[in-house]
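Here is how the chains run, residue by residue.
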Amino acid sequence: MSNPPKARRPRRPKIVISSTRLAELEALSEGMMRRNPDLAEQLVEELGRAHIVTPARLRPDVVDIGRRVTYRDETAEKDHTVTLVFPQDADISNERISVMTPIGVALIGLAEDAVFHWETRDGHRRELKILKVFTTVDETLQGA
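Residues numbered from 1 in each chain as written. Predicted model: local features only at pLDDT ≥ 70, side-chain atom pairs only at ≥ 80, totals over all residues. Heavy atoms only, no water.

*Asks:* Any chance you could explain the overall build of the protein here in plain terms?
*Replies:* Scanning the protein from terminus to terminus reveals 4 helices and 7 strands. Burial statistics for the protein: of 144 residues in total, 39% are counted as buried. Taking contacts inside the protein between residues at least 6 apart in sequence as the whole, the part at least 24 apart equals 54%. Carbon and sulfur atoms form 48% of the exposed surface of the protein, whose accessible area is close to 9000 Å². (Helix = DSSP H or I, 4+ residues; strand = E, 2+ residues; numbered from the N terminus. Buried < 20%, exposed > 50% of the residue type's maximum accessible area, 1.4 Å probe, protein only. Contact = heavy atoms within 4.5 Å. Areas by Shrake-Rupley, 256 points an atom, 1.4 Å probe, with all protein chains shown as cover.)

*Asks:* Looking at this structure, I do not really get the pairing of strand E6 (residues 115–119). What am I missing?
*Replies:* Along E6, the buried face is formed by Phe116 and Trp118; none of Val115, His117 and Glu119, which line the opposite face, is buried. What sits between E6 and strand E7 (residues 125–134) in their antiparallel hairpin is a turn of 5 residues, with Gly123 showing a positive phi close to 90 degrees. (Pairing = 2+ DSSP bridges.)

*Asks:* Got a minute to help me understand the pairing of E7 in this structure?
*Replies:* The two faces of the sheet receive side chains in turn, since in a regular strand these alternate between them. In the sheet, strand E3 (residues 68–73) pairs with E7 via 6 bridges, with the strands oriented antiparallel. Each residue of the ladder has a partner; that of Val69, found in E7, is Val133. In this sheet, E7 lies alongside E6 in antiparallel orientation, the contact comprising 5 bridges. Residue pairing in the sheet places Phe116 in a bridge with Leu128 of E7.

*Asks:* Hey, could you run me through the sheet that holds strand E5 (residues 96–98) in this one?
*Replies:* To summarise the sheet geometry, strands pair through backbone hydrogen bonds and adopt either a parallel or an antiparallel arrangement. Reading across the sheet, the 5 strands line up as E5-E4-E3-E7-E6 and stay open at both edges, with mixed pairing between neighbours. Pairing within the sheet leaves two strands with one partner each, and these edge strands are E5 and E6. Between one strand and the next, the sheet's axes are offset by a mean angle of 45 degrees, whatever the strand orientation. (Axes fitted to C-alpha atoms, helices over the stretch in contact; angles between N-to-C directions.)

*Asks:* What's the story with the nonpolar core in this structure? I'm lost.
*Replies:* A general feature of soluble globular proteins is that nonpolar side chains tend to end up buried together. Ile17, Ile103, Leu107, Phe116 and Ile130 are the most contacted members of the largest nonpolar core, which has 32 residues in total. Elements with a contribution of two residues or more to this core: helix H1 (19–32), helix H2 (37–49), E3, strand E4 (78–85), helix H3 (102–107), E6 and E7. Residues Val53, Leu58, Val62 and Ala111 belong to the second largest nonpolar core, which totals 5 residues. (Core = buried A, V, L, I, M, F, W, Y, C linked by side-chain atoms within 4.5 Å.)

*Asks:* What exactly am I supposed to notice about the pattern of salt bridges here?
*Replies:* Note that side chains of opposite charge can pair when their charged atoms are close. In total, this model carries 9 salt bridges according to the counting rule given. Ionic pairing is found between Arg49 and Glu46, a salt bridge with its closest N-O pair at 3.2 Å. Here the residue Arg49 and the residue Glu46 both occupy positions in helix H2, the gap between them amounting to 3 residues, near one helical turn. With a closest N to O distance of 2.9 Å, Arg59 and Asp61 form a salt bridge. A single network of salt bridges, built from pairs that share partners, joins Arg21, Glu24 and Asp64. (Salt bridge = Lys/Arg side-chain N within 4 Å of Asp/Glu carboxyl O.)

Right, dumping it as structure tokens:
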């Protein structure tokens, strides 16, 4: 008698983070442990599986703090463009989202064309795809 196959968890996309960013994000996660341990642990898990590179070797198509990113919410069939920022710089009305939010943790280190899953704060599972990473605001305005 054979066991039925287990449901496979979707494979998580590769993430890349610069060595200086790693130290900053580790410090943020430590500070977040008391306020939001689940989110802090999620960030620690992502950092643990990240490929670490020197800042000079971080490709321009990888999501990083200060970069704008356009992603598609495959579930809602809607595109969003946001800038990933540190918590103190977050301002959702100006499309600046904190790396210390569920979507921020999900975005950090992903490259263009990556498809990933994340859970919203209310527990809904979403599938998202990175469409474009902009390293400067000018690229966003030019539609590059």
